[in-house]
Amino acid sequence: MLNQNRCTSILRPRPFRGCGMEEIPVAKKESINIGIIGAGFARTTQIPGFRACEGARIVSIASGHRENAERVAREFDIEHVAGDWREIVSRADVDLVSIVTPPATHLEMALAALDAGKAVLCEKPMAMNAAEAEEMRRRAREKGALALIDHELRFVGGRRKMREMLRGGEIGRVRHAKLIFRSDSRASAERPWNWWSDEKAGGGVLGAIGSHAIDGLHSMLSTHVASVFCQLATHVPERPDKDSGAMRPVTTDDEANLVLRFKDGELTTGATGTVSMSMIESGRAEHRLEIYGSDGALKLEGAGQLWHAAAGAGGWKSVETEDGELATGMHDNEWSRGFTAFARRIVEALREGCTEIADAATFDDGYRTQLVLDAARSSHQKGCWSNLES
């Protein structure tokens with residue numbers, strides 16, 4: 001029987017790229033119309049990514065500051081600027097609503113879009129807490145909609161190769177995973193206060209980068225975090241208001257360190273992990289994922305440079321990977337290359353009438369990640385390990 005939650009296509013089997021299933025789809029839609037809510041990250045990544053997709057058209061954009069939306073609309077020749085995000089949700093011609101706003105806004109926007117019959121792409125972290133994420137995923141299930149979290153790193157060539165090698169038994173049973181992310185983008189105390197500095201808006205490195213880290217580990221290891229110990233820090237305690245110059249308190253973290261234990265699974269037995277993330281460390285920016293197993297190790301750097309070390313070899317050997325394409329106008333990094341590939345999968349799936357995409361992060365995945373983020377915050381507050389639901 002056809003799984004209607006995955007694709008509305010029917011008839012006899014054949015390879016089907018959009019959903020990752022083997023079916024012949026119904027008549028393909030000529031064009032997918034996209035409404036964008038947010039004009040920051042959307043301008044540098046999502047809009048260029050979608051514009052590079054065959055059969056995609058961005059028809060409207062909204063922003064909390066209308067002038068920002070107007071500026072981006074002029075730059076990319078977007079025909080409609082919405083004064084309120086609800087205008088995008090209510091448009092009959094919008095197929096996909098892309099929510100590229102601070103986490104505090106995600107719940108209301110996502111629920112409204114789903115209720116309006118739209119597919120949804122929601123920025124990470126999914127929500128402010130697991131209770132909100134649970135409401136969002138429940139609504140997505142009720143509506144049977146394509147509802148995704150923007151974890152574009154799943155589609156980076158190096159990560160896909162790493163996942164393939166893990167599942168192929170290249171390093172045996174996984175014992176330990178280590179992720180390091182360092183940047184100095186918030187090191188200067190002169191950088192103005194913005195929503196990233198505001199706990200009530202959902203700012204901070206734990207949510208922004210930690211959500212990627214946890215989702216990446218979950219999808220890479222085919223298991224979930226069982227318990228977490230977390231320490232958060234705020235090294236820049238106040239920042240100047242961009243308008244008045246008056247100093248405002250920073251209520252979010254700019255450094256996060258996590259120790260993890262994973263559930264036993266297909267690849268893991270007694271596996272542990274560490275995650276170190278900082279937005280205030282000077283020097284060369286770094287984004288590195290290392291996975292150590294009984295028979296060797298894998299190491300991934302940045303946009304996809306992959307290395308393999310056999311147990312006892314005493315050194316690393318480079319592994320060939322596919323760089324993937326980069327949409328015009330994007331900076332060349334792992335986020336951009338990942339979203340270039342992800343955007344095409346989204347558009348193709350919608351044109352084919354799918355409600356899931358193979359390997360993409362669903363609202364269910366976002367909920368599971370949010371459970372870990374909530375547990376991490378609880379661990380920091382209590383100063384002890386925090387166990388997750390079984």
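Our subject in this report is the structure included herewith. In this text, all values refer to a predicted model and were calculated from it rather than measured experimentally. (Residues numbered from 1 in each chain as written. Predicted model: local features only at pLDDT ≥ 70, side-chain atom pairs only at ≥ 80, totals over all residues. Heavy atoms only, no water.)

1. Here's the deal with the overall build of the protein
Basically, it comes down to this: What counts as a helix is a DSSP run of H or I of at least four residues, what counts as a strand is a run of E of at least two, and both are numbered from the N terminus. Radius of gyration means the value over C-alpha atoms here, while the globule rule gives 2.2 Å times the residue count to the 0.38 power. Residue contacts follow a heavy-atom distance rule, with two residues in contact if any of their heavy atoms lie within 4.5 Å. Here the open area of atoms and residues is found with the Shrake-Rupley method and a 1.4 Å probe, where only the protein chains shown may cover a residue. Only four residue types enter the tally: Lys and Arg on the positive side, Asp and Glu on the negative side, with His and both chain ends excluded. For the purpose of locating charges, the reference atoms are NZ of Lys, CZ of Arg, CG of Asp and CD of Glu.
Within the protein one finds 10 helices and 17 strands. Against the globule reference of 21 Å for 390 residues, the protein gives a C-alpha radius of gyration of 21 Å, in line with a compact fold. Seen along its three principal axes, the alpha-carbon backbone of the protein occupies a region of about 65 × 60 × 40 Å. Residue pairs at least 24 apart in sequence account for 69% of intrachain contacts in the protein once pairs closer than 6 positions are excluded. Approximately 17200 Å² of the protein is accessible, and the part contributed by carbon and sulfur atoms is 47%. Where the 50 positive side-chain charges of the protein centre and where its 56 negative ones centre are 2 Å apart.

2. Thoughts on the state of the cysteines
What is meant by a disulfide is a covalent connection between two cysteines, made through their sulfur atoms. Here is the rule: Two cysteine sulfur atoms make up a disulfide if the distance between them is within 2.5 Å. We call a residue buried when its accessible area falls under 20% of the maximum for its residue type, exposed when it is over 50%, and partly exposed in between, using a 1.4 Å probe and counting protein chains only.
Evaluation of the coordinates by the stated rule reveals zero disulfides. The closest cysteine sulfur to the non-disulfide-bonded Cys53 is located on Cys354, 15 Å from its own sulfur. No disulfide involves Cys384; its sulfur sits 12 Å from that of Cys230, the nearest cysteine. Here Cys384 falls in the partly exposed class, since its relative accessible area comes to 34%.

3. Observations concerning the packing of helix α5 (residues 130–143) against helix α10 (residues 363–382)
Selection rule: The convention used is that axes are lines fitted to C-alpha atoms, helices contributing only their stretch in contact, and that angles between N-to-C directions extend from 0 to 180 degrees. Just so you know how the angles are binned, under 35 degrees is roughly parallel, over 145 roughly antiparallel, 65 to 115 roughly perpendicular, and the rest oblique. Residues are sorted three ways: Asp, Glu, Lys and Arg are charged, Ala, Val, Leu, Ile, Met, Phe, Trp, Tyr, Cys and Pro are nonpolar, and all the rest, Gly among them, are polar.
One way to put it is that α5 packs onto α10 with a least axis distance of 9 Å and a crossing angle of 170°. Judged by the angle between their axes, α5 and α10 are roughly antiparallel. Residues Ala130, Ala133, Glu134, Met136, Arg137, Ala140 and Arg141 of α5 touch α10, and the partners they reach there are Phe363, Asp364, Tyr367, Gln370, Leu371 and Asp374. For the contact of α5 with α10, the residue count by class is seven nonpolar, one polar and five charged.

4. Details of the packing of aromatic side chains
Basically, it comes down to this: Pairing of aromatic side chains requires ring centres within 6.5 Å, counting the rings of Phe and Tyr and the six-membered ring of Trp. Pairs whose planes differ by under 30 degrees are stacked, by over 60 edge-to-face, and all others tilted.
Overall, the coordinates contain five aromatic pairs when judged by the stated rule. On the basis of an interplanar angle of 70° and a centroid distance of 6.4 Å, the ring pair of Phe181 and Trp335 is categorised as edge-to-face. One end of the pair, Phe181, is in strand β7 (residues 174–182); the other, Trp335, is in helix α9 (residues 334–352), with 154 residues separating them in the sequence. Residue Trp335 is classed as buried on the basis of its relative accessible area, which comes to 18%. Here the aromatic rings of Phe229 and Trp385 are separated by 6.1 Å at their centres, their planes lie at 50°, and the arrangement is tilted. Residue Phe229 is found in strand β8 (residues 225–233), and its partner Trp385 is found in the loop between α10 and β17 (386–387); the two are separated by 156 residues along the sequence. Feature note: the residues Phe50, Phe155, Phe339 and Phe342 constitute an aromatic cluster, connected by ring pairs.

5. Section: the environment of Gly204
Within the secondary structure, Gly204 is located in the loop between β7 and α7 (205–208). What makes Gly204 buried here is its relative accessible area of 2%. Counting along the chain gives 89 residues from Gly204 to Gly293, while the straight-line C-alpha distance between them is 32 Å. Every residue in contact with Gly204, bar those within four places of it in the chain, is listed here: Trp196, Thr252 and Asp253.

6. A few points about helix α4 (residues 106–115)
Counted residue by residue, α4 has seven buried out of 10 residues, so it is predominantly covered. The set of residues buried in α4 consists of His106, Leu107, Met109, Ala110, Leu111, Ala113 and Leu114. Looking one or two places after α4, you find Gly117, whose phi comes out positive at around 85°.

7. Looking at the sheet that holds β7
Applied cut-off: Pairing between two strands requires that DSSP report at least two bridges joining them.
Across the sheet, which stays open at both edges, the nine strands sit in the order β16-β15-β14-β13-β7-β12-β11-β8-β17 with mixed pairing between neighbours. This sheet does not close on itself; its edge strands, each paired only once, are β16 (317–319) and β17. Note: β8 against β17, two bridges, orientation antiparallel. Each residue of the ladder has a partner; that of Val228, found in β17, is Ser386. Relative to strand β14 (residues 296–301), helix α6 (residues 157–167) is tilted by about 170°, and along the sheet it contacts β7, β13 (286–293), β14, β15 (305–310) and β16.

8. Some thoughts on the pattern of salt bridges
What counts, and what does not: For this document, the term salt bridge refers to a Lys or Arg side-chain nitrogen within 4 Å of an Asp or Glu carboxyl oxygen.
Counted under the stated rule, the structure contains 29 salt bridges. Linking Arg337 and Asp332 is a salt bridge whose minimum nitrogen-to-oxygen distance equals 2.8 Å. One salt-bridge network, in which partners are shared between bridges, spans Glu134, Arg137, Arg138, Arg141 and Asp364.

9. Regarding the packing of helix α1 (residues 41–51) against helix α2 (residues 66–76)
Threshold: In this scheme the handedness of a crossing depends on how the near helix is turned from the far one: anticlockwise by less than a right angle means left-handed, clockwise means right-handed.
Between α1 and α2, whose axes approach to 12 Å, the crossing angle comes to 35°. Handedness of the α1/α2 crossing: right-handed. Between α1 and α2, the contacting residues are Arg43, Ile47, Pro48 and Arg51 on the first element and Val72, Glu75 and Phe76 on the second. Broken down by class, the residue content of the contact of α1 with α2 amounts to four nonpolar, no polar and three charged.

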